Amino acid sequence: MKARFVYLNGETSIHDVTAHEENGILTAVISKNDVSRDVNYIDFMYDFFNAKIGDTGYFLCNDSSEGTFLTYFTPRNEGNFSKELACVACYGWNKGNTGILGIITGMRYDFGMELGLKDGIYYTYPRFYIDGDEMYEDICVKYYTLKNDATYSAMARKYREYQLSEGGCVPIKQRAENDERLLKATEGIEVRIRQGWKPAPSPVENQTPETEPPMHVACTFDRVGDIADEFKRQGINKAEFCLVGWNYGGHDGRFPQILPVDPRLGGEERMVSLVKKIKEMGYMVVCHDDATAAYTIADCFDEEYLLKNKDGSLHKRPYCWSGGRPYKICPQRQYERFELSNQEIIKNFGFEGLHYIDVITNLPPLKCYDKKHPATRKDSAEWYRKIMRLSRKNFGGFASESGFDFAASDTDYVIYPVFKIEPNDNPFCDEMVPFWQIVYHGIIMYNPSTFTLNYAAKAVKNRLKFFEWGGRPLVCYFANFATDYNWMGKEDFLSTTDEDLKDSVSKIKQMSEDYEELKPERFEFINNHEKISDGVYCTTYSNGTKVIVDYNNENYKIERK
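Residues numbered from 1 in each chain as written. Predicted model: local features only at pLDDT ≥ 70, side-chain atom pairs only at ≥ 80, totals over all residues. Heavy atoms only, no water.

A. Region of the structure containing the overall build of the protein chain. Helix and strand content of the protein chain: 10 helices and 31 strands. Scaling as 2.2 N^0.38, a compact globule of 561 residues should have a C-alpha radius of gyration of about 24 Å, and the protein chain matches this with 24 Å. Considered along the principal axes of its C-alpha atoms, the protein chain spans approximately 65 × 60 × 45 Å. Across the 561 residues of the protein chain, 60% fall into the buried class. Sequence-distant contacts, at least 24 apart, represent 70% of the contacts inside the protein chain between residues at least 6 apart. Split by element, the accessible area of the protein chain, about 21,400 Å² in all, is 46% carbon and sulfur. When the 69 positive and 84 negative side-chain charges of the protein chain are each reduced to one mean point, those points stand 2 Å apart. (Helix = DSSP H or I, 4+ residues; strand = E, 2+ residues; numbered from the N terminus. Rg over C-alpha atoms; globule rule 2.2 N^0.38 Å. Buried < 20%, exposed > 50% of the residue type's maximum accessible area, 1.4 Å probe, protein only. Contact = heavy atoms within 4.5 Å. Areas by Shrake-Rupley, 256 points an atom, 1.4 Å probe, with all protein chains shown as cover. Lys, Arg positive; Asp, Glu negative; His and termini not counted. Charge placed at Lys NZ, Arg CZ, Asp CG, Glu CD.)

Set out below in structure tokens:
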């Protein structure tokens, strides 16, 4: 077993990998003491996962938050797929009835996946990004041999087993037994209402109060109350509402500044009154916050708390959003300077449920090179988990955007763990599979993907995907706020007119009824997912229930024991 070291100056060298087998598990290690400070990255055991064109089976690989996919060993153009960010810390090799699942257990915050075809040989391996820094722990990968059943479902079950025993994950049923707020949140669908926003992307990169674009008001606090009233009138009795853009400047308006509550939406008094009303109606209500982005227009903007690159520059995202150019906040400083106080403020408004903090689970944790608050990726992950645990304590649960599983142990709901359900432009992606969903159903609630968001306003196949991949439905009012990027779909729910409102709630009622139809499976694991024939899939839960979805005839059936 070998590893390839690539140095900062571009030179390479090959090293032996220490490996030992015990109880059928092969553990391969590169000691941090053997890695010098001039190493850029390490290709780990790059000669281990190899298959020839025409071989039986497939590789299971991850494309970050785009999803998990299969690569069959069929003839195709040679090339290489490289993804620096891995959403789940594992990869697999199906050889037919047998296979191997590799789980990264050391330096798991610092790797991405390589996959390709060269000279008729398929290969895949993790690449660990050292960046010339001192490693904080050994690189370690554990390889589990799968016998008799080596499908992606079997790999997902094995990874779930690891996450439950070693990764700190606890089934949501067990967690809900200890917190009535979490239990109540599991009973209804999620309804996000975007109330106001400035243009996204912003035409002004570094906004000031004088150059700030105007905010579009879409849904005042009083109008949110009308939505809740219509829910009751149409018989939707269980839901969790999430107010998005309640803060000053609307959605992503001035983070990390949140106050004052935007007066154009009705101000603090109307919001507090709304929160009280919704809770008295029997619903849950939370709000949207952010713990990663800082905009120059914030009244508390300060380079001191920002995440620093290795050269000392400020880390900023490669795009502009509603508040302008987002600068990344160091997770430690976010917790110390903002999170403790912000959550207390929000809690005092009366919010309760799955507190939503944007982006955290949608991106990997980063290093911070500020000498006053340095952090490895592992350090950053732990600071984020502190934020999540604080949310659970204050509100009953934590919710965020996507499915990077460094956060799995402390997350209760993600609004879409993956963005894709069909092969994308990755030339090695032959089939997208619900790997994340199989691993975490029964541990983390989720809306299956962006494809199923607002599915009642979309095509029949979107609804069928909810039944195939399971989860907790997500409704987004005013989803299409961005001017050039509709990642949530073009279909929308509106409350602009009374007719819009009644029509939207009538469709949402179907999503609520669908969620009730799978109520016995909410706390179950998904044990198997398989393609029965072209366009027909079967999902099997740990209680024995089978959900068969037929896209050809556009129907589904649920078979319970």
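B. Geometry of the packing of aromatic side chains. Applying the stated criterion across every chain yields a total of 38 aromatic pairs. Summarising the aromatic geometry, the rings of Tyr58 and Tyr72 are spaced 5.6 Å apart at their centres and angled 80° between planes, so their arrangement reads as edge-to-face. With Tyr58 in strand S7 (residues 58–62) and Tyr72 in strand S8 (residues 68–72), this residue pair connects regions lying 14 residues apart in the sequence. Of the residues examined, Tyr58 reaches a relative accessible area of 9% and is grouped as buried. Accessibility expressed as a relative area gives 30% for Tyr72, which makes it partly exposed. Just above the ring of Trp93 sits the side chain of Lys95; from NZ or CZ to the centre is 4.2 Å. Just above the ring of Trp383 sits the side chain of Lys386; from NZ or CZ to the centre is 3.9 Å. (Phe/Tyr/Trp six-rings, centres within 6.5 Å; stacked < 30°, edge-to-face > 60°. Lys NZ or Arg CZ within 6 Å of the ring centre and 35° of its normal.)

C. Inspection of the pairing of strand S6 (residues 49–52) at higher detail. Burial along S6 is one-sided: Phe49 and Ala51 are buried, and none of Asn50 and Lys52, which face the opposite way, are. As defined by bridge partners, S6 adjoins strand S13 (residues 121–129) across 4 bridges and the pair is classed as antiparallel. Counterpart to Ala51 in the pairing with S13 is Tyr122. (Pairing = 2+ DSSP bridges.)

D. Representation of the sheet that holds strand S28 (residues 526–533). What the 4 strands build is an open sheet, ordered S28-S29-S30-S31; its pairing is antiparallel. Each edge of the open sheet carries a strand with a single partner, namely S28 and strand S31 (555–559). Strand-to-strand twist in this sheet, taken as the mean axis angle between neighbours without regard to direction, amounts to 15°. Where strand S30 (residues 546–550) lies against S31, 5 bridges are found, and the strand directions are antiparallel. Each bridged residue has a counterpart across the sheet, and for Asp550 the counterpart in S31 is Asn555. Helix-sheet contacts for helix H9 (residues 460–469) involve S28, strand S29 (536–541), S30 and S31, and the interaxial angle to S30 is about 155°. (Axes fitted to C-alpha atoms, helices over the stretch in contact; angles between N-to-C directions.)

E. Up close: the nonpolar core. Of all hydrophobic cores here, the largest spans 147 residues; its most connected members are Tyr159, Phe231, Phe241 and Tyr477. Every residue in contact with Phe231, bar those within four places of it in the chain, is listed here: Val191, Ile236, Ala239, Phe241, Tyr283, Tyr477, Val505 and Ile508. If you look at the next biggest cluster of nonpolar residues, it comprises 16 residues, including Ala291, Ala381, Phe404 and Phe406. (Core = buried A, V, L, I, M, F, W, Y, C linked by side-chain atoms within 4.5 Å.)

F. Summary view of the state of the cysteines. Inspection of every chain in the model, using the stated rule, returns 0 disulfides. With no disulfide of its own, Cys87 lies 10 Å from the sulfur of Cys90, the closest cysteine sulfur. Classification of Cys87 by relative accessible area gives buried; the value is 2%. In this model Cys287 remains outside any disulfide bridge; the closest cysteine sulfur is found in Cys242, 6.7 Å from its own. Residue classification places Cys287 among the buried positions, given a relative accessible area of 0%. (Disulfide = S-S within 2.5 Å.)

G. Quick look at the packing of helix H4 (residues 221–233) against helix H5 (residues 267–280). Running from N to C, H4 and H5 point in directions that differ by 15°, and their axes come no closer than 9 Å. In terms of orientation, H4 lies roughly parallel with respect to H5. Both H4 and H5 take part in a crossing whose hand is left-handed. Here Phe221, Asp222, Val224, Gly225, Ala228 and Asp229 of H4 lie close against H5, whose contacting residues are Gly267, Arg270, Met271, Leu274, Lys277 and Ile278. For the contact of H4 with H5, the residue count by class is 6 nonpolar, 2 polar and 4 charged. (Parallel < 35°, antiparallel > 145°, perpendicular 65-115°, else oblique. Left-handed = near helix turned anticlockwise from the far one by under 90°. Nonpolar A, V, L, I, M, F, W, Y, C, P; charged D, E, K, R; others polar.)

H. The environment of Gly324, seen in detail. Within the fold, Gly324 resides in the loop between strand S20 (293–294) and strand S21 (327–328). Given the relative accessible area of 0%, Gly324 is considered buried. Ignoring anything within four residues of it in the chain, the contact list for Gly324 reads Ser202, Val204, Glu205, Gln207, Tyr295 and Tyr319.

I. Region of the structure containing the packing of helix H6 (residues 331–348) against helix H7 (residues 377–395). Contact geometry of H6 with H7 gives a least axis separation of 10 Å together with a crossing angle of 10°. Overall, the two elements H6 and H7 adopt an arrangement that is roughly parallel. The segment H6 lies against H7, with Pro331, Gln332, Gln334, Tyr335, Glu336, Glu339, Leu340, Gln343, Ile346 and Lys347 engaging Ser380, Trp383, Tyr384, Lys386, Ile387, Leu390, Ser391, Asn394 and Phe395. Tallied by class, residues from the contact of H6 with H7 come to 9 nonpolar, 6 polar and 4 charged.

J. Representation of the pattern of salt bridges within the structure. Taken as a whole, this structure holds 43 salt bridges when the rule is applied. The salt bridge partner of Asp131 is Lys367, with a shortest N-O separation of 3.0 Å. Of this pair, Asp131 sits in the loop between S13 and strand S14 (139–146) while Lys367 sits in the loop between strand S22 (353–358) and H7; the two residues are 236 residues apart in sequence, bridging distant segments of the chain. By relative accessible area, Asp131 is classed as partly exposed at 25%. According to the relative accessible area criterion, Lys367 is buried, its value standing at 14%. The salt bridge partner of Arg181 is Asp179, with a shortest N-O separation of 2.9 Å. Overlapping salt bridges, with partners in common, bring together Arg175, Glu382, Arg385, Arg389, Arg392, Asp410 and Asp412 in one network. (Salt bridge = Lys/Arg side-chain N within 4 Å of Asp/Glu carboxyl O.)

K. The arrangement of H6 in detail. When the terminal C-alpha atoms of H6 are compared, their 24 Å separation across 18 residues agrees well with the 26 Å that a helix rising 1.5 Å per residue should span. At Phe338, H6 shows its maximal bend, which comes to roughly 50°. Buried residues of H6: Pro331, Gln332, Arg333, Gln334, Tyr335, Phe338, Glu339, Asn342, Gln343 and Ile346, and no others. On its buried face, H6 sits against strand S19 (284–290), S22 and H7. (Expected span 1.5 Å × (residues − 1). Bend = angle between axes of the 7 residues up to and from the residue.)

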